[in-house]
Amino acid sequence: MVNLTAMNGFLLMGFSDERKLQILHALLFLVTYLLALTGNLLIITVITLDHRLHSPMYYFLKHLSLLDLCFISVTVPQSIANSLMGNGYISLVQCILQVFFFIALASSEVAILTVMSYDRYAAICQPLHYETTMDPSACRHAVIAVWIAGGLSGLMHAAINFSIPLCGKRVIHQFFCDVPQMLKLACSYESVNEIALAAFTTSTAFICLISIVLSYIRIFSTALRIPSAEGRTKVFSTCLPHLFVVTFFLSAAGFEFLRLPSDSSSTMDLVFSIFYTVIPPTLNPVIYSLRNDAMKAALRKMLSKEELPQRKMCLKAMFKL
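Read on for an overview of the structure. None of the values given here were measured: they were computed from a predicted structure. Per-chain numbering applies: the sequence of each chain, read as written, is numbered from 1 onward. With pLDDT at 70 or above as the cut-off, local features in this predicted model cover only qualifying residues; side-chain atom pairs require 80 or more to be listed or tallied, and sums for whole chains, interfaces and linings still use all residues. Hydrogens and water are ignored here; the side-chain numbers use all heavy atoms of the structure.

**Describing the overall build of the chain**
Counting secondary structure elements, the chain contains 12 helices and three strands. Three exposure classes are used, based on accessible area relative to the maximum for each residue type with a 1.4 Å probe and protein chains only: buried under 20%, partly exposed in between, and exposed over 50%. Buried positions account for 45% of the 321 residues belonging to the chain. Here, residues are in contact when the closest pair of their heavy atoms is within 4.5 Å. For the chain, contacts bridging at least 24 residues in sequence account for 77% of all contacts bridging at least 6. Elements are defined by DSSP. Helices are runs of H or I of four residues or more, strands are runs of E of two residues or more, and each kind is numbered from the N terminus.

This is how it looks when you write it as structure tokens:
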């Protein structure tokens, strides 16, 4: 173990102390990270280059993929490097940045999922007003609000959590600087700031979840009145996976964050952390986009021999948007 009394940082224990298991963990995380990277980059590229996908739904999907790309990059590469080097040490500055970006991106992801559910509600339940409600200006403002809200949330969490006095060894039983695990190192759990922040985070996530659920209740009730069986099937096949992933993500994260730190089990912490840090960014491209017929058609067109040279010329434009 690193001498934590001489170094101003933390020791991430990870999944195992055995060298073979550390290598296995690094390989599994590397494969998962590459899959998430490839899937989300494909979504961003296809939506940017194909003008037929320049609609509010795909605009939000592109930003969801960007958030997923950044979200998984905050924790997984660091964990892979630690496992390969056999050293779980992380400096104080790295830990602060990791907490800030992790909370900021997670909050932004919950917010963008809420916006996406409202977009589907407006498209299905209020089709005559959809173009007015979700005009380009409104979509841009919604995305800006999502990113700003996430940044403010991350800033508050980082500022408050790292102002708490720590007692004992700075050992975190996680593969990243996880807030619930860091609270176990605090000398006291009864800070007014901690309680207020936990109440604010919980209430905000609950409001987002209720908004999403209510949007989909209205969507499903409208879908049941669609006379065409094909139309009903299309609505349910699009919306049910979305609702499942939102519920899965918020339930796993909520269960982990709402448990008392003193009652936490290290093994359970690791399992639940994978559910909300690694799995959603990897599966979201499949659930939200790659199952979509328009996305698959656009991807086939982009990779076709006739279109590929022209698309290569347009790649520079993607990074300017």
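**Let's talk about the side chain of Thr48**
When you line up the elements, Thr48 lands in helix α1 (residues 19-49). Each polar contact in these results corresponds to two N or O atoms within 3.5 Å; when the atoms are within protein, one needs to be able to donate a hydrogen and the other to accept it, and residues that are neighboring in sequence are counted only if both atoms are side-chain atoms. Within the structure, the side chain of Thr48 is placed 2.7 Å from the backbone oxygen of Ile44, a separation counted as a polar contact.

**A closer look at the sheet that holds strand β2 (residues 89-91)**
When DSSP finds two or more bridges between two strands, those strands count as paired. With respect to topology, three strands assemble into an open sheet ordered β2-β1-β3, the strand pairing being mixed. Each having just a single partner strand, β2 and β3 (171-172) make up the two edges of the open sheet. As defined by bridge partners, strand β1 (residues 9-12) adjoins β3 across two bridges and the pair is classed as parallel. Note that in β3 the partner of Leu11 across the bridge is Val171. Axis definition: a line fit to C-alpha positions, over the contact stretch in the case of helices; interaxial angles, taken between N-to-C directions, run 0 to 180 degrees. Against the sheet, helix α3 (residues 92-125) contacts β1 and β2, and its axis sits at roughly 80° relative to β2.

**What to know about the state of the cysteines**
The rule for a disulfide is simple: a pair of cysteine sulfur atoms within 2.5 Å. Evaluation of the coordinates by the stated rule reveals one disulfide. One disulfide bridge connects Cys95 with Cys177, the sulfur atoms lying 2.0 Å from each other. Every disulfide takes its handedness from the sign of the S-S torsion; for Cys95 and Cys177 that torsion is -130°, giving left-handed. One end of the pair, Cys95, is in helix α3; the other, Cys177, is in the loop between β3 and α6 (179-183), with 82 residues separating them in the sequence.

**What about a nonpolar patch on the surface?**
Each patch is built from residues lacking any salt bridge and having more than 30% relative accessible area; the joining distance is 9 Å for like charges and 5 Å for nonpolar side chains (Val, Leu, Ile, Met, Phe, Trp, Tyr). Exposure was quantified through the Shrake-Rupley algorithm and a 1.4 Å probe, taking into account, for residues, occlusion by the shown protein chains and nothing else. A pair is scored as a salt bridge if a Lys or Arg side-chain nitrogen falls within 4 Å of a carboxyl oxygen belonging to Asp or Glu. A grouping of Ile23, Leu27, Leu30, Leu34, Leu84 and Met85 is seen on the molecular surface, where their side chains present a nonpolar patch of about 550 Å² in accessible area. Breaking the nonpolar patch down by element, the ones donating at least two residues are α1 and α2 (56-85). In terms of residue count, α1 provides more of the nonpolar patch than any other element does, four residues in total. Here Leu30 is to be found in helix α1. Judged by relative accessible area, Leu30 falls into the partly exposed class, the value being 36%.

**Focus on the nonpolar core**
Ranked by size, the top nonpolar core spans 78 residues in total, and within it Phe60, Ile112, Leu113, Met116, Cys177, Ile219 and Tyr288 carry the most contacts. No other element matches the 16 residues that α3 contributes to this core. When residues no more than four places from it in sequence are discounted, the contact partners of Ile112 are Phe60, His63, Leu64, Leu67, Val143 and Val146. Put simply, buried Ala, Val, Leu, Ile, Met, Phe, Trp, Tyr and Cys residues joined by side-chain atoms within 4.5 Å make one nonpolar core.

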